[in-house]
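Here's the letter readout for the chains.
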Amino acid sequence: MTQIAEILETMAYGPAPESTSAARDWLARGPFGLFIGGSFTAPGTLFDVRDPARDVVLAQVTQAGAADVDAAVQAARAAHPAWEADAALRARVLYALARQIQKRERLFAVLESLDNGKPIRESRDIDLPLVSRHFTHHAGWATLLADEFPNARAHGVCGQIIPWNFPLLMLAWKVAPALAAGNTVVLKPAEDTPLTALLFAEICLEAGVPPGVVNIITGDGATGAALVAHDGVDKIAFTGSTEVGQIIRRATAGKGRALTLELGGKSPFIVMGDADLDAAVEGVVDAVWFNQGEVCCAGTRILVAESVAEMFRKRLISRMKTLRVGDPLDKSTDIGAIVNTAQLARIRDLVAQGVAAGAVAHEGTAPEGCFCPPILLDQVSPANPCASEEIFGPVVTLQTFRTPPEAIELANATRYGLAASIWSENLTVAMDMAAQVKAGVVWINATNMFDANAPFGGMRASGFGREGAREGMAAYLRKNDAAQGAAPGTIDPLPGTGAPEGLDRTHKLYIGGAQKRADGGASWSVLRDDTRLGHAPLGNRKDIRNAVEAAHKASGWTRMSGHQRAQVLYFLAETLDHHRDGLAALVPMAEIDASIARTLYYAAWADKLSGAVHNTQSAHVTLAMREAFGVMGLICAEEAPLLGALSLILPAIAMGNRVVVVPSQANPLAALELGPMLGASDVPGGVVNIVSGPVAELAKTLAGHDDVAALACAQPSVAQLIEAESAGNLKPVWHAPTGQGRDWLEAMVQIKTIWVPYGA
Ligand code: NAI
């Protein structure tokens, strides 16, 4: 007789399929039109939406054309004033959306799994609860907005473009904060997965969303491009590939449109020698075998300490072999279908390239069809394409390291900077690594944790802007309009009429803490009312590159405490005061007074802009640290040449950035005079570098430089140029208003969200 123990030993999973009948009833309403102005249009040109697991057509939806995009934007525009004016209505409607979604949770989850191929367990237990959490959380922000963001206004109409990996969750991440802030939206879901967005449109009707506040237009990249190009859109929020993010950055350049980009990643998963290895193995399952690995922040690069690599590898491979790949609607499935056959081919192709480059592949099993087994690529050299390319499938690479600095070097050897996961039982080590890793989100002894009250977003080629929490709300609000001002004229090397009084003074560039002749050896006459104030050195691209290099080296400034930076800024105020009379030959005394006051203002702030601890749903303290970008480019206003330069330099360096400054072209002399004063005030060499010359050419070089992490610009005439150039390494560009304040400081830092276990 068979023993029970034997049965338990050999028992395979029995299938536990979820019913699809409610979803199929809903799908029978198709073919689907677009949701514009509170109702569905008649279906237009149709395309098929497929179930990747069964390879059948689920529905037909409309490909929105330019006229449809226009109609949706017009509807959103018309609905905006009344919507922004009524915060109580917004709170009520957002709460109603959360409740209505909860009541239809099963229908949404099944539809999502049918459309995307993700396991029902994940859509039901992860995606849907987070979706309703987002709407509830943001209903609260609508209520608190006037208190918490007193001077802010909504952007107006937001164009939102989302990918196929978390169709409804990405919709919630985009729509909830936009609506809470008083914007109206035109949302384009991914062409592979538009169905839950269409079901959401019906929920909008039920929840009392006023017509035009939410518009949903289906279609492919052409529809997305038309939305990006539409002049009636005030803000674009995009999640998707880095390549399309770059296209959107270039397409919106100079249009005065707010932009946030959540792009790709190649996130490290660091296992230290003292990590709890079993927990870390489960961590990999959640990092890269969750959602088929189609996760922008997936921990796809395991970096494991050599001392434990062998044991970790063995346990991981044996765990990988237990993962069940198959029917997404089966509740015992771990990994569902890949979203489409093109994506599967892309994954397979990259894995083949990785193996050809020397990696050893360990694979689990998967059924025939649009499925991919879990794959571990071992012995991956840094040059292997699988170590650097985003694969977006259930594929993880494994590399080893010997020391923590080597782990950090490997972790940061990527163009991306979205997330990182660090596993160590020693919190001192883990936090030290968290500080050094280049990532917008860091999980300690955890991975893929999300919450509506935790900022999420990347650095470097992973994009800019944050979603979630207070920081995410700020991205849907505008507080100060960018400065308007004169454009620089042309530079005329000769002649300068009228000799200045006294001895001629020679101004030089200020690079690396020293006065430097311009590379080209040329200068031009700086005139005021036909009187020559002096000669300014004519900097060029080479000077900018030298300045960036000097700024790059001055990293000690970023590591200094706020208190130390405050001391230096107070000292600078003293020095400025001491040099009043000299500066008075170049700028009015009132500007000098204002400059000294501004220096004292940012000295006061240097040790006070704190981060936050966010209250999330799990047993973590979720820190939102404010980190300097590193090297920033500053393009100053033409007017008030001393105050204008200091208005950007001071908040940037107060927050720990090193800067390359392009001063006013009309009168760069006062800014150049600052150079030696900075040195005399203990600002270390390389922290502030000043290169005068033709603003457009210098700004373009700064914007295109890969070692410049962010730009602040008070010169509207170069906005288009620098936004387009900045697409290369996706540096954020902040258009600075005139004035001073906390907003200036906030623009000079990026948020790093760190999840630290607490009370678990
Ligand atoms: P994608 O970036 O092309 O698509 C994302 C969204 O952008 C879709 O709604 C698409 O219709 C739209 N879009 C495409 N071209 C556009 C344009 N020129 N202007 C405006 N909108 C446009 O991503 P795709 O092709 O679906 O996936 C390709 C790769 O991108 C994946 O293999 C993965 O590596 C990466 N990806 C990253 C995601 C992330 O969350 N970071 C999400 C999806 C894909």
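Residues numbered from 1 in each chain as written. Predicted model: local features only at pLDDT ≥ 70, side-chain atom pairs only at ≥ 80, totals over all residues. Heavy atoms only, no water.

The name given to the chain in an unreviewed UniProt entry is Aldehyde dehydrogenase (NAD+), with Roseibaca calidilacus as the source organism.

Caption draft 1: How the structure looks around helix α8 (residues 195–207). The first and last C-alpha atoms of α8 sit 18 Å apart over 13 residues, in line with the 18 Å expected at 1.5 Å per residue. The buried fraction of α8 is high, at 10 of 13 residues. Along α8, the positions that sit buried rather than exposed are L195, T196, A197, L198, L199, F200, A201, I203, C204 and A207. G208 occupies a position one or two residues after α8 and carries a positive phi of about 80°. (Helix = DSSP H or I, 4+ residues; strand = E, 2+ residues; numbered from the N terminus. Expected span 1.5 Å × (residues − 1). Buried < 20%, exposed > 50% of the residue type's maximum accessible area, 1.4 Å probe, protein only.)

Caption draft 2: Broad picture of the site of the ligand. In the region of the ligand, 27 residues are neighbours, and I162, W164, K188, E191 and S241 sit closest. Contacts to the ligand include L263, whose backbone N or O atom sits 3.0 Å from a nitrogen atom. Isolated, the ligand exposes 800 Å² of accessible area, and the fraction of that covered by the protein chains is 85%. Broken down by secondary-structure element, the contributors of at least two residues to the shell around the ligand are α9 (221–229), β9 (235–239), α10 (242–252) and α13 (341–356). (Near = heavy atom within 4 Å. Polar contact = N/O pair within 3.5 Å; in protein donor to acceptor, adjacent residues only side chain to side chain. Areas by Shrake-Rupley, 256 points an atom, 1.4 Å probe, with all protein chains shown as cover.)

Caption draft 3: Structural view of the UniProt feature "domain: Aldehyde dehydrogenase" (unreviewed entry) in the chain. Within this numbering scheme, the UniProt entry marks residues 45–478 and 530–734 as carrying the feature "domain: Aldehyde dehydrogenase" (unreviewed entry). When the span residues 45–478 is considered, its composition is 45% helix and 17% strand, and the gap between its end C-alpha atoms is 37 Å. Within the segment residues 530–734, helix and strand shares are 48% and 19% respectively, and the terminal C-alpha atoms sit 34 Å apart. (UniProt positions renumbered as here; feature names shortened; annotations may be inferred.)

Caption draft 4: Representation of helix α12 (residues 306–320) within the structure. An ideal rise of 1.5 Å per residue puts 21 Å on 15 residues; α12 measures up with 21 Å between its terminal C-alpha atoms. Of all bends in α12, the biggest is about 30°, found at F312. Taken together, the buried positions of α12 are V308, A309, F312, R313, L316, I317 and M320. Next to the buried residues of α12 lie β11 (268–271), α11 (277–288), β12 (301–305), β13 (360–363), β14 (375–378) and β15 (395–401). (Bend = angle between axes of the 7 residues up to and from the residue. Contact = heavy atoms within 4.5 Å.)

Caption draft 5: Fine view of the environment of N165. Here N165 shows up in the loop between β6 (157–161) and α7 (167–180). By relative accessible area, N165 is classed as buried at 4%. Once the C-alpha coordinates of N165 and I338 are considered, the two residues, 173 residues apart in sequence, prove to be 9.7 Å apart. Apart from the residues lying within four places of it in its own chain, the contact partners of N165 are N116, K118, N291, E294, V295, C296 and F392.

Caption draft 6: Layout of the packing of helix α4 (residues 87–103) against helix α6 (residues 120–148). In contact at an axis separation of 8 Å, α4 and α6 are set at 170° when each is read in the N-to-C sense. Classified by the interaxial angle, the pair formed by α4 and α6 is roughly antiparallel. Every pair of crossing elements has a handedness; the one defined by α4 and α6 is left-handed. Only L128, V131, S132, F135, T136, H138, A139, A142, T143 and L145 of α6 make contact with α4, whose side of the interface consists of A87, R90, A91, L94, Y95, L97, A98, I101 and Q102. Tallied by class, the residues present in the contact of α4 with α6 amount to 13 nonpolar, five polar and one charged. (Axes fitted to C-alpha atoms, helices over the stretch in contact; angles between N-to-C directions. Parallel < 35°, antiparallel > 145°, perpendicular 65-115°, else oblique. Left-handed = near helix turned anticlockwise from the far one by under 90°. Nonpolar A, V, L, I, M, F, W, Y, C, P; charged D, E, K, R; others polar.)

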